[in-house]
Structure formats: structure tokens, C-alpha cells
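Chain by chain, the residues run as shown.
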Amino acid sequence: MRILFICPDINKPTGGIKQIYRQVDVLNKNGFKAFILHQNRSFKCTWFYNSTPILYNSKIFKDIELLRFGKPKGLQKIRKLINKIVTFKINKINNQNIEITESDILVFPEVYGNKVAKILPGIKKVIYNQGCYQTFFGHNLDLNNKETPYLNKDLIAIIVNSENGKKYINYSFPKKDLYRVHYGIDRNNFYYQKNKKRQIAYMPRRLKVDLLQIINILKFRGVLEGWELVEIDNMTENQVADVLKESAIFLNFSINEGFGMPPAEAMACGCLVIGYPGKGGDEFFKEEFSYPIPDRNVLMYAQKLEQLLLNYDKNKLKHLEQGKKASGFILKEYSIEVEENDITSVWTSIFEKNNFNK
């Protein structure tokens, strides 16, 4: 029995996609037959090292797109037709569409919305929900419309990535089989380094409007003199780790996150992490080694960051010890070993409960 993880063809740093690859790797290591299912032949993620087994099926992605967005119109329809002809020719040459049968399990990310149950009805499905606050994307406010993949008979399990996500899904769908997998952080890449620069790292993809406010407030207050801002964007995994290991502070702007990998990786590298825990990050934003800020409280964020910057040199040994403590906590609670054990245990339970054979 194959486990096929539906994965979009996105080749830029995206934590959720990396975790899909990671789960496939662990499953194969432990006796399961698992594959990434991409749309276009020869596509694979290259921004992190992997030798993950990949299969291709363009049709299932076309069906997903049709269900999500409907039939194209006008010029868009012509473009779709041209693309369909080109895709057909490519598929014919490369035999791109693998056959999906009733002996397979399809694993969908939560981002594909409320229509995934209509994809290949009768095929067993699992939803790997890494962003619980996106669970109801595609749903509406019609009280009579109760269409959702989470209650469909083909859905055999839901997997989440945090205690917050587990509570959210369990409250929404209390009768479904629900499992949690801890993320694992590679201690060979993300680890504590005490030689820190006066450097503040951040990722620009979340709430840049808040970032702009906070940095400008402190810039005009003269607090950022002698500090350097470093943007982490479009970097490989190794490059991200290198920046974090030399940065003293990491600014986090995640809200409504299933987990929040960037701040966890920053803590693993010994950064003092300040910002929004994003709900999913509540379980590791400990006040003894981090600086949690209530969501969207820009003024409090600026005030606490100012205090940290002004006190950093005066209490450098204390702050370095905080970073070391954060690293120890993260690398213990979210180790590769914990992640592998979770993945193996979860899928063993799914197979046993449904009387599946590997």
C-alpha cells in the first residue's frame, strides 16, 4: 500500500513542504511505501538537501484546481486550453500520470480547502493539517452547506503539528481520528553558537506592516544605533542556519500559525526570540528564554525590544545563557528522534486501525 503525499510544485523555502518531504523520508526508512506526488515531471525541491522518492500526476492537480476555482472563462480559458494541449503532449511522452488505485492513500495538505473529498472518491484520504487556522478556507457561511472533507467517509485520519492545532481540530471535529506529529529540528545544522554579532534577523513574509512600524519607532528613538538588520528570504536551509547562528536577536511576526518553525529554529541557534507566538508557538515561547508579545500589539513589541536592546550589552552573559537554554529546550523537545518516533507511531496506528498492510 502506497502513501502518496500531494505536494504543490513550489521550489522556494516553505516549511510546510519541507515537513511533507521529511515525513515521506521517515516512512520509507521505517518500512512504509511513501512518495511525494508532484504535478510536473522532473520537479523536486532543491532549496534543501533531499533524496525523497517522487512520483508525478498532473491530472489530480488539474482536478483540484477545477474544483477550487471552477472552469476558466474567456482569454483565461484559451490559455488553459493551450496549456492542456502542451501538458497532454508532455504526459504522453513522459508517461507522467501514475495510476492511483484503491490500494493507495492520498495525503492532502489543509490548504486545498473543502473540495478534496471529491478528488478520486472511494480512495482513502488523510489530511496533514500544518495550519489549523486555514482549515475552513473555501467553506462559507451557508448554514445548510455542510460539505467538508473532514467529515467525509473517505477520510481515515487527520494529522496536526502542535497541541494548539490538536485542540482546534478536536473541538471542530471531535469524532475523527486525530494525531499529532512533533516537528524535528536538525541539530547538525541548527545549534547554539555563542559568538553573536549585534545582528537582528527577521523574515519579511509575515506582517511586514508591523515590522515597519516597530523598526521605524526604534530607529527614530535612536535605539538601533550599532545594530544591523538581516533579512532572511529566499535562502537555502544552510544559509538560514548560518544567519541565525550569528544573530543575537530574532524578530517573530507569526500569527495564527499551526506551529511556527522559524522561531523554533532561531531558538535552536541561541537567538533571543521576541514577537508573536502565533498560538501554535505557545508551547515553546517560554518566558525564561524568550519574549512573547500579544498578537498585533505593536507598541508593546517596540517597548520590549527597546528594553532588550538597551540591556543587551550590560547583561550579555545572562542573555547568552538565555539563548543556550532556549537551544537546549528546542533540541530536546523537537529532536529528529522525537519526530521520527511520532511519524512511525502515527502511521502504524492508522494502518492497524484500518487493517492495512504495508
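A few points on the structure. Note that the structure is a prediction, hence the values are computed from the model and not measured.

Reading the values: the criteria
Residues numbered from 1 in each chain as written. Predicted model: local features only at pLDDT ≥ 70, side-chain atom pairs only at ≥ 80, totals over all residues. Heavy atoms only, no water. Phe/Tyr/Trp six-rings, centres within 6.5 Å; stacked < 30°, edge-to-face > 60°. Helix = DSSP H or I, 4+ residues; strand = E, 2+ residues; numbered from the N terminus. Buried < 20%, exposed > 50% of the residue type's maximum accessible area, 1.4 Å probe, protein only. Lys NZ or Arg CZ within 6 Å of the ring centre and 35° of its normal. Pairing = 2+ DSSP bridges. Axes fitted to C-alpha atoms, helices over the stretch in contact; angles between N-to-C directions. Contact = heavy atoms within 4.5 Å. Core = buried A, V, L, I, M, F, W, Y, C linked by side-chain atoms within 4.5 Å.

Take the packing of aromatic side chains next. On inspection of all chains with the given rule, the structure shows 20 aromatic pairs. The interplanar angle of 80° and the centroid separation of 5.0 Å between the aromatic rings of Tyr 183 and Phe 259 together place this pair among those described as edge-to-face. With Tyr 183 in the loop between strand 7 (178-180) and strand 8 (197-202) and Phe 259 in the loop between strand 10 (247-253) and helix 7 (261-268), this residue pair connects regions lying 76 residues apart in the sequence. For Tyr 183, a relative accessible area of 5% translates into the label buried. Owing to a relative accessible area of 2%, Phe 259 belongs among the buried residues under this scheme. Aromatic side chains Phe 253 and Tyr 301 sit 5.0 Å apart centroid to centroid with 10° between the ring planes, which places their arrangement in the stacked category. You can see Phe 253 sitting in strand 10 and its partner Tyr 301 sitting in helix 8 (residues 298-312), a full 48 residues away along the chain. Each member of the pair, Phe 253 as well as Tyr 301, carries the same accessibility label: buried. An aromatic cluster is defined as three or more aromatic residues linked by ring pairs; in this entry it consists of Phe 5, Phe 32, Trp 347, Phe 351 and Phe 356. A cation over an aromatic ring shows up here: Lys 279 above the ring of Tyr 133, its NZ or CZ 5.7 Å from the ring centre. The aromatic ring of Phe 32 is capped on one face by Lys 358, whose charged end is 4.2 Å from the ring centroid.

Below, the discussion takes up the sheet that holds strand 8. Within the open sheet, the 5 strands sit side by side as 9-8-10-11-12. Their pairing is parallel. Because the sheet does not close on itself, it has two edges, and the strands there are strand 9 (228-231) and strand 12 (291-292). Across 2 bridges, the pairing between strand 11 (residues 272-276) and strand 12 is parallel. When the bridges of strand 12 are listed, Ile 274 appears paired with Tyr 291.

Strand order in the open sheet made by the 7 strands is 3-2-1-4-5-6-7, with parallel pairing throughout. Unpaired on one side and paired on the other, strand 3 (54-56) and strand 7 mark the two borders of the sheet. Each strand axis lies, on average, 30° off the axis of its neighbour in the sheet, ignoring direction. With 3 bridges joining them, strand 6 (residues 155-160) and strand 7 adopt parallel strand pairing. Across the sheet, Ile 158 pairs through a bridge with Leu 178, a residue of strand 7. Against the sheet, helix 10 (residues 336-353) contacts strand 1 (2-6), strand 4 (105-109), strand 5 (124-129), strand 6 and strand 7, and its axis sits at roughly 165° relative to strand 7.

Once that is clear, we can look at the nonpolar core. Counting residues in hydrophobic clusters, the biggest one holds 62 residues, and the most contacted among them are Ile 3, Phe 5, Ile 232, Leu 244, Phe 250 and Trp 347. In terms of residue count, helix 1 (residues 15-29) provides more of this core than any other element does, 6 residues in total. With residues up to four places along the chain from it excluded, the contact list for Phe 5 reads Ile 20, Gln 23, Val 24, Leu 27, Ala 34, Phe 35, Ile 36, Leu 37, Val 107 and Trp 347. Core analysis: the next-biggest nonpolar cluster, separate from the first, contains 26 residues, Ile 249, Phe 253, Tyr 276 and Leu 308 among them.

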